[in-house]
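Listed below are the residues making up each chain.
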Amino acid sequence: KPQRQANPPDTTSLKKLAQAAQECTGCDLYKNASQAVFGQGSKKAKIMIVGEQPGDKEDLAGLPFVGPAGELLRHCITEAGLSIDDIYLTNAVKHFKWKPAGKVRLHQKPSLTEIRACHPWLEKEMEAIKPKIIIALGATAATSVLGRVPKISTERGKVIQDDKTGDMIIISWHPSAILRGYDLEDSDLKRAQLIADLKLAKKKLT
Ligand code: URA
C-alpha cells in the first residue's frame, strides 16, 4: 500500500501553499489540530530555520514559534546578531500532535511516517525561498531536512553539505531541549551552542 503523503500544488507562492496546507490530509494529524501552521517570513530570507512541529500556542495562533520555545529562539537569534526579518521560520510537521492530559494538551513527538508525509510541504518552502543556509533544530527537523536520522551529538554545530541539493545545513539544539535541560548547566551550554550555531550561519552568508 503506498504511503499517504502531502500533495502540495505546483506553485512557489507561499500564500497559495499556506492556503493549500489547510486542506492537507496527508497524515492523520489534521484531525486533532486547530489548523495547519505554515512557515512565516520573507521569500528573500537567506536563512531557513526548521523546527519540529507547532506547539499548543502555535496551533491556536496559526504562526510558528510564538510560544515559550519560540520566545527563547527569538532571543538567541537576536543574541547571534541576526534579525528575524532575515529568517524564514517553519516546521518539519505542520500540524500539532498532542494527547489530552488533564486540562492541557501534551505535546507528542511526530513519527517517522508523519515526518515523511509532511516533507513535500517543506520541500516546496525550500523551492520557494532557496535559502543559503538551513538550520534544523533537533532530531525531527534534521531527519526531515537530511532525509535520514541524524546523530545530534556528533553532527551539531557544523556545516553539512547536502550531496544532492548542494544545500548548506546546520543542525542545532531545539529550544525546547534548552528549556527542558537536565540541569541549569546543561541548559546554559545548549543555549550557548544554539547561539554559536546561529552565528556560524551568519558567517556563512558573507
Ligand atoms: N516548537 C517547534 O518546533 N516549532 C514551533 O513552531 C514551536 C515550538
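Can you walk me through the sheet that holds strand S1 (residues 47-51) in this structure?
Taken in spatial order, the five strands of this open sheet run S2-S1-S5-S7-S6, and their pairing is mixed. Looking at the sheet topology across the chains shown, the edges are occupied by strand S2 (87-91) and strand S6 (159-161). Strand-to-strand twist in this sheet, taken as the mean axis angle between neighbours without regard to direction, amounts to 25°. Bridging between strand S5 (residues 133-137) and strand S7 (residues 168-172) involves five bridges; their strand directions are parallel. The residue bridging Ile133 from the neighbouring strand is Met168, located in S7. Together, S1, S5, S6 and S7 form the strand contacts of helix H8 (residues 184-205), whose direction differs from that of S7 by roughly 170°.

Just checking my understanding: could you explain unusual backbone geometry for this structure?
It is generally the case that most residues other than glycine have a negative phi and that most peptide bonds are trans. Although it is not a glycine, Phe65 sits at a positive phi angle of roughly 55°. Look at Phe65 and you get buried, because 28 C-beta atoms sit within 10 Å. At Lys130, a position not held by glycine, the phi torsion is positive, near 45°. With respect to the secondary-structure elements, Lys130 resides in the loop between helix H4 (112-129) and S5.

Would you explain the nonpolar core in this entry?
The tendency in soluble globular proteins is for nonpolar side chains to be buried as a group. In this structure, Val50, Cys118, Ile135 and Ala136 are the most contacted members of the largest nonpolar core, which totals 47 residues. For this core, the element with the most residues is H4, which contributes six residues.

Rules used in this analysis
- Residues numbered from 1 in each chain as written.
- Predicted model: local features only at pLDDT ≥ 70, side-chain atom pairs only at ≥ 80, totals over all residues.
- Pairing = 2+ DSSP bridges.
- Helix = DSSP H or I, 4+ residues; strand = E, 2+ residues; numbered from the N terminus.
- Axes fitted to C-alpha atoms, helices over the stretch in contact; angles between N-to-C directions.
- Contact = placed C-beta atoms within 7 Å.
- Buried ≥ 20, exposed ≤ 12 C-beta atoms within 10 Å, placed from the backbone.
- Core = buried A, V, L, I, M, F, W, Y, C linked by C-beta atoms within 7 Å.

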